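# Notes for the structure review
Letter by letter, the chains look like this.
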Amino acid sequence: MKKENKTKVIRLWQTAFLAFLIIGTVLIIRHQRSMPYQHYQGMVFGTTYSITYQSDHNYQKDIEKELKKVDDALSMFNEKSVISRVNRGEYKSDDSEESQMFFDVCELAMQISKETDGAFDITVAPLVNLWGFGFKQNQLPSQHAVDSIRQFVGYQKVSVDARHKSITKQDKRIMLDCSAIAKGFGSEVVAAFLRKHDVDNFMVEIGGEVVTHGINPDRLPWRIGVTKPIEDSLQTTNEMQTVLNVTDKSMATSGNYRNFYYKGGRKYAHTIDPKTGRPVQHNILSATVLADNCAIADAYATAFMVMGLEGAQKVLEKHSELMAYLIYTDNKGEYAVWFSPSLQSKIAQ
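Before going into details, it helps to say that this report is about the structure given with it. (Residues numbered from 1 in each chain as written. Predicted model: local features only at pLDDT ≥ 70, side-chain atom pairs only at ≥ 80, totals over all residues. Heavy atoms only, no water.)

## Section: the overall build of the chain
The following threshold applies: By definition, any uninterrupted DSSP run of H or I lasting at least four residues is a helix, any uninterrupted run of E lasting at least two residues is a strand, and each is numbered from the N terminus. For every residue, the accessible area obtained with a 1.4 Å probe (protein chains only) is divided by the maximum for its type, and the residue is called buried under 20%, exposed over 50%, and partly exposed between those limits. Between two residues, a contact is recorded if the distance between any of their heavy atoms is within 4.5 Å. Per-residue and other accessible areas follow the Shrake-Rupley method at a 1.4 Å probe size, with only the shown protein chains counted as cover for residues.
A tally of regular secondary structure across the chain gives eight helices and 16 strands. For the chain, the proportion of its 349 residues judged to be buried stands at 49%. In the chain, once contacts between residues fewer than 6 apart in sequence are set aside, the share between residues at least 24 apart is 58%. Of the accessible surface of the chain, which amounts to about 18,600 Å², a share of 51% is contributed by carbon and sulfur atoms.

What follows is the structure, given as structure tokens:
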């Protein structure tokens, strides 16, 4: 009889505990559904950013502080940034968070440079500037001018030690430019801040480089459009080529169809091949990369624009953790699409 009473008590406790769990879960879900989504936009790194996240707390000022740290570490247009001081030969090692960011990004950049055989190269800045993009010059350089600069371009000519915050350049004229990875890195920094504050649902976008987690305000997976590569230097056309489900992924896109100029009846793209020192002439119009880290996606998207379709496919064969959606022109001059087989399930339309 006592054993039966004990069993009943245990069952009552189990039932009460289960009811508590159910009620608690319902209350949490109700709270999440009633919790507002914050949304705001701004400017950073010379481009726009857009951040949406679900929280009762407004983190705008905190997020702006995080973005300022990235700007102070990597912005070419910030005279006091770590990268600007390195380029001028004025950097002295310190323990600041900004210095650590700079060296972490440089170390990652060097790794990806090796993986892409130099297609991604943060020393390409002098060539970019020569061709008229970095500082808005608009002169068609001679082959002699290109060759004279190529002698101090090349990631192999830079040694980076992130642990000891030291960097060695074989030539003081070597100039670093992290603009092809900074936006992705900045998006990851903001995403890390939101995760640290237990924000489950968010979308961070800086200059088209995106990090997402959870669900959007409509309680659906985050979906991001890939713009159709229509020649549009004024950026007035935003027709979508496709829409991708990027929930819990990072996404970056690089393209030549909006950043170019004409000289002597010829079109010059903004992507420079570090090996030739000249704008790329490959058939890829747009490279979108999905990865677990936005800085990595950002760098590989740039590399694929340099490598061309076949080169990008070879890299993707070695890196199953990456997914790519590539838009190119075929032999007939028509738009064509190639994407990683693993990306099929993420194509929403």
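## What to know about the packing of helix α4 (residues 97–115) against helix α8 (residues 294–318)
To keep things clear, this is the line we draw: Simply put, an axis is a line fit to the C-alpha atoms, just over the touching stretch for a helix, and the angle between two N-to-C directions goes from 0 to 180 degrees. Angle categories: roughly parallel below 35 degrees, roughly antiparallel above 145, roughly perpendicular from 65 to 115, and oblique for all the rest. Under this grouping Gly is polar, as are all residues other than the nonpolar Ala, Val, Leu, Ile, Met, Phe, Trp, Tyr, Cys and Pro and the charged Asp, Glu, Lys and Arg.
As a packed pair, α4 and α8 sit with axes 10 Å apart at the nearest point and diverge in direction by 5°. One finds that α4 runs roughly parallel with respect to α8. Of α8, the residues touching α4 (which contributes L108, I112 and E115) are A295, I296, A299, Y300 and V315. The residue inventory of the contact of α4 with α8, partitioned by class, reads seven nonpolar, no polar and one charged.

## Quick notes on the pairing of strand β14 (residues 284–291)
Basically, it comes down to this: Two strands are said to pair when DSSP picks up at least two bridges between them.
Of all eight residues making up β14, eight are buried, and the element is well covered by its neighbours. In the sheet, strand β9 (residues 250–255) pairs with β14 via six bridges, with the strands oriented antiparallel. Each bridged residue has a counterpart across the sheet, and for S250 the counterpart in β14 is A291. Examined bridge by bridge, β14 and strand β15 (residues 323–329) share six bridges and lie antiparallel to one another. Following the sheet pairing, T288 is matched in β15 by Y325.

## Let's talk about the pattern of salt bridges
Short version of the rule: By definition, a salt bridge exists where a carboxyl oxygen of Asp or Glu is found within 4 Å of a side-chain nitrogen of Lys or Arg.
Here the structure, examined in full by the defined rule, presents nine salt bridges. One salt bridge connects D171 with R173, and the closest N-O pair in it is separated by 2.9 Å. Classification of R173 by relative accessible area gives partly exposed; the value is 45%. In this structure, D292 and K249 form a salt bridge, with 2.8 Å as the shortest nitrogen-oxygen distance. Of this pair, D292 sits in the loop between β14 and α8 while K249 is found in the loop between β8 (240–245) and β9, placing the two residues 43 residues apart along the sequence. In this structure K249 comes out as buried when scored by relative accessible area, which is 15%. One network of salt bridges, with partners in common, ties together E66, K69 and E97.

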